[in-house]
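Letter by letter, the chains look like this.
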Amino acid sequence: MAGRAFGWIGQGVLYALFAAAIGTFSVWPAYRHLQPDEALLRLSFKHPGKFVTDCRSRSAEELAKLPPQLRAELDCPRERSPVRVRVDLDGRTLYDESFQPAGLRRDGAASGYRRLSIPAGEHHLQVQVNDDVRTSAATYQGERRVTLAPGQVVLIDVIADQGGVVIR
Amino acid sequence: MTARSFATPTATPDPGPRQGTLTRGWRGVERALDRVCGEADNPLRQLGALGYLMFWLVAATGIYLYIFFETSVDGAHASVERLTHDQWWAGGVLRSLHRYASDAMVVLVALHLLRELALGRFSGFRWFSWVSGVPTPWLLVASGVTGYWLVWDEVAQFVGIAVTEWFGALPGFGPALVRNFVGVDAMTDRMFSLLAFLHIGLPLALLLAMWAHIQRLTRPRTTSSRALTLWSVAALLLVSLVFPAQSQPPADLLRAPATVPIDWFYLGIFPAMYESSPGAVWAALGGTTLLLVAMPWAVRRERPAPVVVDPANCNGCTRCFADCPYEAIEMLPHPSGRGQIASVDEDRCASCGICAGACPSSTPFRSGQRLATGIDLPAFPIDALRVGLDAGIESARAVEAGAPVVLFACAAGATVPKTPGVLRVDLICAGMLPPAFVDYALRAGAAGVVVSSCPSEDCEFRFGARWLSERLAGEREPGLREAVDRSRIRFVRFAREQPGELAAQVERFRVELAARPRAPALRAERTARRESVSTGR
């Protein structure tokens, strides 16, 4: 009888401990993702760079060598330029990276993602993008003075339809 | 009296159970828990079955939650909040049960893996069960992670971004993947439908993996004992009532929550990723997975050759087919054209000999110089068992001038050292002992017979102890003859950590038998007859 009672009590304690462990580690300890006085800067874009070379007209000899169904007058190589992105925060360069186009023929869009925690507060953000290897100057640029609360996210995107650099 | 121990011609055909530190440690914990819960209700002995219980609990509660869940960006969080608060007595409790049963399943799967690893149950014939179990933690965690997305609160936001950042590090996915979670308008109702589909599809894939995992087991245990089921459900209900699962504030992609109360059972990899890198976490988890998959071949143990069927002695009775714990035997048409014959899948054969113990042809009373049976272990044949038993008993009677107690002992269970008056016969598994051998030993002149198996839940080959017990009790074919004097037989169950208890039991029985009038050796005449056959006299 005593052994049976010991078994019941022992099992009760063990299962209660198991339940407590499950309940505890289901939410605790909370993971600190950012310090209390930090905001988050995200760079995320998917943007096709300009073609590396312009289209050119094929000569008559060249056209003659091609099968009839492939005799297009213009030869347009599809390789795209890498997209170079430079991000300056308060005059200090955070990123200056070149993102390669996707695809085996490098004919897809380049995409990039970076995240960086920065101090909350007022900042001057400057972004320059070059998506054309034929020029060394920035093809898109944008700058903005932002006041970031702790935990606030500032997202830098490159959207050609919206003027290039988008900071929000 | 001279000490004497019997050994078959191939006395150590099996390397026996593992005895390493990890094995001893695990068994120590398991046996300690036996004392509290009882062997039949010890959760550590039913981890797989408990995993199934948790799966069905999660599935059942999930179906209820899905009825009230709104699959949209704007409606998801609100619908979960309504479930949690407006009907806390049903939706709230079931939501908590859904979460905590999922958490418990992670713990159970991890313990199940650790147990099989500690007990060395991953190589040889077990390779398929082991390898097919490796994907389950991945599918389980994936199922849980997609569930956290659906709440669409700050935790969901954290998880969504973390998962896409993690997968974005892989070639083929790329950094654009995370854009599904970082723009203001990134999350759409369509994306939510995809997440809901994943949260249903991945558990179904998990169930498929769990089904495949048990395909090489006869009578796989997918339901836990009643007491264990009740205790487990009660514990989860208790935690659901005391710590009901709560949502965080709704996701806001313009903000990053500084602290996130994450579920460490499912989401612990993401802090690891942020503390190191996505590549490092992929390398660690991928490397561990590959290592686990490779283990059956990397850490191999020699096992005896698989059993062999003798068509001349197999009558197609199907007892071996029914008793094999690993579905290694199938019944095929007999080559003679009459009836069936057992066929062994060598890859699945554990070489435990349980089938030989089930074979009606394994009776030692059959005449013939060599005892041929229908299905037999080449390294430890039934004939060697009889020859050794005959020689051992006669030798003991001659040298010790007394009838010995024959101890048939499972090599995976408790064993005793050489003991005066005791003839020890080691078996790979107690289940390989045909019950007629007990009768035979007594008629050959043994004072008594002790059959020692592992405790039923501790059987190295799943059903050896249980089948033997049922056979000796006459509840399973081949059974022990009713006419056999049961007072001269002891059936005991001792784990390998209990050699002292077994030795004491055997000694008590020996002393008790010694006090009785000695039984005549009825087998002497038969042995003499067989010898006359062999010598041609």
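All chains use their own residue numbering, which begins from 1 and follows the written sequence. Each chain takes a letter, starting from A, and each ligand takes a number, starting from 1, following the order in which they are written. Given that this is a predicted model, residues contribute local features only at a pLDDT of at least 70 and side-chain atom pairs are listed and counted only at 80 or more, while totals for whole chains, interfaces and linings are drawn from all residues.

1. Digging into the overall build of chain B
Next, step 1: Only runs of H or I of at least four residues qualify as helices and only runs of E of at least two qualify as strands under DSSP, and these elements are numbered from the N terminus. Helices and strands together make up the secondary structure of chain B, namely 20 helices and 11 strands.
Next, step 2: Across its three principal axes, chain B shows a C-alpha extent of roughly 100 × 50 × 40 Å.
Next, step 3: Here the contact rule is simple: place C-beta atoms from the backbone, and any two residues whose C-beta atoms are within 7 Å are in contact. Taking the contacts inside chain B whose residues are at least 6 apart along the sequence as the reference set, 74% of them involve residues at least 24 apart.

2. Some words on the packing of helix 6 (residues 135-150) of chain B against helix 9 (residues 189-213) of chain B
Residue and element names in this part refer to chain B.
Next, step 1: The axes are straight lines fitted to the C-alpha atoms, using for helices just the contacting stretch, and the angles between their N-to-C directions are given from 0 to 180°. Viewed as axis vectors pointing N to C, helix 6 and helix 9 meet at an angle of 160 degrees, and their least axial separation amounts to 8 Å. Considered as vectors, helix 6 and helix 9 are oriented roughly antiparallel to each other. Taken as a pair, helix 6 and helix 9 cross one another with a handedness that is left-handed. Residue-level contacts link P135, T136, L139, L140, A142, S143, T146, G147, W149 and L150 of helix 6 to L195, A196, L198, H199, L202, P203, A205, L206, A209, M210 and H213 of helix 9.
Next, step 2: Lys, Arg, Asp and Glu make up the charged group, whereas Ala, Val, Leu, Ile, Met, Phe, Trp, Tyr, Cys and Pro make up the nonpolar group; the residues left over, Gly among them, are polar. Class assignment of the residues belonging to the contact of helix 6 with helix 9 gives a composition of 15 nonpolar, 6 polar and no charged. Put simply, angles under 35 degrees are roughly parallel, angles over 145 are roughly antiparallel, angles from 65 to 115 are roughly perpendicular, and the rest are oblique. Should the near helix be turned counterclockwise from the far one by less than a right angle, the crossing is left-handed, whereas a clockwise turn marks it as right-handed.

3. Considering the domain arrangement of chain A
By a frequent convention, interface size equals the accessible area lost on bringing the separate parts together.
Next, step 1: The source of the domain bounds is an automatic or database domain assignment. Each assigned domain of chain A is listed with its residue range as follows: domain 1 (1-31) and domain 2 (38-53 + 80-167).
Next, step 2: Of note, the centres of domain 1 of chain A and domain 2 of chain A, computed from C-alpha atoms alone, are 52 Å apart.

4. A look at the interface of chain A and chain B
Next, step 1: Across the contact, 33 residues belong to chain A and 36 residues belong to chain B.
Next, step 2: The set of elements that each furnish at least two residues to the side of chain A that touches chain B consists of helix 1 (2-25), strand 1 (31-32), strand 2 (38-47), strand 7 (110-119) and strand 10 (153-159) of chain A.
Next, step 3: Examining the composition of the side of chain A that touches chain B, we find that 11 residues originate from one element, helix 1 of chain A, more than from any other.
Next, step 4: Only when DSSP finds a minimum of two bridges between them are two strands counted as paired. One ladder, built from 2 bridges, connects strand 1 of chain A with strand 2 (residues 259-260) of chain B; its direction is antiparallel. Each residue of the ladder has a partner; that of R32 of chain A, found in strand 2 of chain B, is T259 of chain B.

5. Brief notes about the sheet that holds strand 6 (residues 92-99) of chain A
Residues and elements named next belong to chain A.
Next, step 1: Reading across from one edge, 6-5-8-9 is the order of the 4 strands in this open sheet, with antiparallel pairing throughout. Both edges of this open sheet fall to strand 6 and strand 9 (140-148), since each of them pairs with a single strand only. On average, each strand axis in the sheet is tilted by 15 degrees relative to the strand beside it, whichever way the strands run.
Next, step 2: Relative to strand 6, strand 5 (residues 83-89) runs antiparallel, the two being bridged by 7 bridges. Note that in strand 6 the partner of V83 across the bridge is F99.

6. Considering the nonpolar core
Residues and elements named next belong to chain B.
Next, step 1: To form a nonpolar core, buried Ala, Val, Leu, Ile, Met, Phe, Trp, Tyr and Cys residues must be joined through C-beta atoms within 7 Å. Field definition: a residue is buried when 20 or more other C-beta atoms are found within 10 Å of its C-beta, exposed when 12 or fewer are, and partly exposed for counts in between, with C-beta atoms placed from the backbone. Core analysis: the biggest nonpolar cluster contains 88 residues, and M54, A101, M105, Y148 and V159 have the highest contact counts within it.
Next, step 2: Once you skip the residues sitting within four places of it in the chain, Y148 turns out to touch V155, A156, V159, D263, Y266 and L267.
Next, step 3: Core analysis: the next-biggest nonpolar cluster, separate from the first, contains 78 residues, F125, I375, C429 and L472 among them.

7. Things to note about the sheet that holds strand 11 (residues 164-167) of chain A
Residues and elements named next belong to chain A.
Next, step 1: The strand order 7-2-10-11 describes an open sheet built from 4 strands, whose pairing is mixed. Looking at which strands have only one partner, the edges of the open sheet turn out to be strand 7 and strand 11. Taken pair by pair, the neighbouring strands of this sheet meet at an average axis angle of 15 degrees, ignoring direction.
Next, step 2: As paired strands, strand 2 and strand 7 are joined by 10 bridges and run antiparallel to one another.

8. Quick notes on helix 1 of chain A
Next, step 1: One fewer than the residue count of a helix, multiplied by 1.5 Å, yields its expected span. Under the 1.5 Å per step criterion, the end-to-end length of helix 1 of chain A is 34 Å for 24 residues, consistent within 8% with the ideal 34 Å.
Next, step 2: Among all positions in helix 1 of chain A, only Q11, Y15, A19, I22 and G23 of chain A are buried.

9. Overview of the packing of helix 2 (residues 47-68) of chain B against helix 4 (residues 88-118) of chain B
Residue and element names in this part refer to chain B.
Next, step 1: Relative to each other, helix 2 and helix 4 sit at 155 degrees, their axes nearing to 8 Å. Classed by the angle they form, the pair helix 2 and helix 4 counts as roughly antiparallel. As for the relative orientation of helix 2 and helix 4, their crossing is left-handed in sense.
Next, step 2: Looking at the contact of helix 2 with helix 4 residue by residue, the classes come out as 17 nonpolar, 8 polar and 2 charged.

10. Observations concerning the confidence of the model for chain B
All names here are of chain B.
Next, step 1: For chain B, per-residue confidence averages 91 on the pLDDT scale, and residues scoring 70 or more make up 92% of the total.
Next, step 2: For every residue, the predictor assigns a confidence score, pLDDT, that lies between 0 and 100. Ranking the elements of chain B by mean pLDDT puts strand 1 (residues 3-4) last, at 35, and helix 11 (residues 264-267) first, at 98.
Next, step 3: Counting interchain partners and residues more than four positions distant, the pLDDT-below-50 stretch residues 1-13 has 37 contacts.
Next, step 4: Contacts of residues 531-537 to residues separated by more than four positions or lying in other chains number 3 contacts, the stretch itself having pLDDT below 50.

11. A look at the domain arrangement of chain B
Residues and elements named next belong to chain B.
Next, step 1: Annotation of chain B at the domain level lists domain 1 (37-212 + 226-298) and domain 2 (305-535).
Next, step 2: The gap between the C-alpha centroids of domain 1 and domain 2 is 48 Å.
Next, step 3: Of the residues lining the interface, 5 residues belong to domain 1; the matching set on domain 2 comes to 7 residues.
Next, step 4: Grouping the constituent residues of the side of domain 1 that touches domain 2 by class yields 2 nonpolar, 1 polar and 2 charged.

12. Structural notes on unusual backbone geometry
Next, step 1: Of the consecutive residues W28 of chain A and P29 of chain A, the connecting peptide bond is found in the cis state with omega at -5 degrees.
Next, step 2: Tracing the chain through its elements places P29 of chain A in the loop between helix 1 and strand 1.
Next, step 3: The linkage connecting E477 of chain B with the following residue, P478 of chain B, adopts the cis geometry, with an omega of -10 degrees.
Next, step 4: Within the secondary structure, P478 of chain B is located in the loop between helix 18 (464-472) and strand 11 (489-493).
Next, step 5: Positive phi outside glycine occurs at D90 of chain A, with the angle close to 55 degrees.

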